[in-house]
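Take a look at the letters that make up each chain.
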Amino acid sequence: MKIIRTQDGQNIFDIALQETGTMEGVFDVCSQNNIGIGEVLETQKRLEINATINRADIVRYLQNENITLNTGQPQEAIANTGFGFAFSEGFGNAFNA
């Protein structure tokens, strides 16, 4: 078993691909850590990886090149965009055709 810590912006798909070499590994990683596929991972979340490595060549390449998959954006960057929050009170809900 391997223990990893997530980085800011990583999602479960990043972890699965990085640690198993395929997206199919996402189900193993989720079930072993009692998390949902759509769950936002906290930075430095401890994950136990005991999934089958489906594509050792991909895992080895990422390790050899020191590549950490991170397709998300840091929570700080998202918070500063205004997205992910409700529209302001001045934004009307009416639809004009």
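Preceding block: the structure.
The following paragraphs examine the structure supplied in this document. (Residues numbered from 1 in each chain as written. Predicted model: local features only at pLDDT ≥ 70, side-chain atom pairs only at ≥ 80, totals over all residues. Heavy atoms only, no water.)

### Quick look at the overall build of the chain
Quick note on the threshold: By definition, any uninterrupted DSSP run of H or I lasting at least four residues is a helix, any uninterrupted run of E lasting at least two residues is a strand, and each is numbered from the N terminus. Each residue is placed in one exposure class: buried if its accessible area under a 1.4 Å probe, protein chains only, is under 20% of its type's maximum, exposed if it is over 50%, and partly exposed if it falls in between. Should any heavy atoms of two residues lie within 4.5 Å, those residues are counted as being in contact.
Helix and strand content of the chain: four helices and two strands. Each helix and strand of the chain, ordered N terminal to C terminal, gives the series β-α-α-β-α-α. Buried residues in the chain amount to 27% of all 97 residues. Within the chain, contacts between residues at least 6 apart in sequence are counted, and of these 66% link residues at least 24 apart.

### Section: the packing of helix H1 (residues 12-20) against helix H2 (residues 25-33)
A packed helix pair is summarised by two numbers, namely the angle formed by the two axes and the spacing between the axes. Applicable threshold: For helices, the fitted line uses only the C-alpha atoms of the stretch in contact; every axis is such a line through C-alpha atoms, and the angle between N-to-C directions lies from 0 to 180 degrees. An angle below 35 degrees is treated as roughly parallel, one above 145 as roughly antiparallel, one from 65 to 115 as roughly perpendicular, and anything else as oblique. Note on convention: the crossing is left-handed when the near helix lies turned anticlockwise from the far helix by less than a right angle, right-handed when the turn is clockwise. Gly falls in the polar group here, along with every residue not listed as nonpolar (Ala, Val, Leu, Ile, Met, Phe, Trp, Tyr, Cys, Pro) or charged (Asp, Glu, Lys, Arg).
It is the contact of H1 with H2, at a shortest axis distance of 8 Å, that shows an interaxial angle of 110 degrees. It follows from the interaxial angle that H1 and H2 lie roughly perpendicular. For the crossing formed where H1 meets H2, the hand is right-handed. Within the contact between the two elements, H1 uses Ile12, Phe13, Ile15, Ala16 and Thr20 and H2 uses Gly25, Val26, Val29 and Cys30. Counted by class, the contact of H1 with H2 contains seven nonpolar, two polar and no charged residues.

### Remarks on the nonpolar core
Note the cut-off: Among the buried residues, those of types Ala, Val, Leu, Ile, Met, Phe, Trp, Tyr and Cys that are joined through side-chain atoms within 4.5 Å form a nonpolar core.
If you look at the biggest cluster of nonpolar residues, it comprises 12 residues: Ile4, Ile12, Ile15, Ala16, Val26, Val29, Cys30, Ile35, Leu41, Leu47, Ile49 and Ala51. Secondary-structure elements contributing two or more residues to this core are H1, H2 and strand S2 (46-49). Residue contacts for isoleucine 49: discarding those within four places in its chain leaves Met1, Lys2, Ile4, Ile15, Glu19, Val29 and Gln32.

Don't take any of this as a statement about function, it's just geometry.
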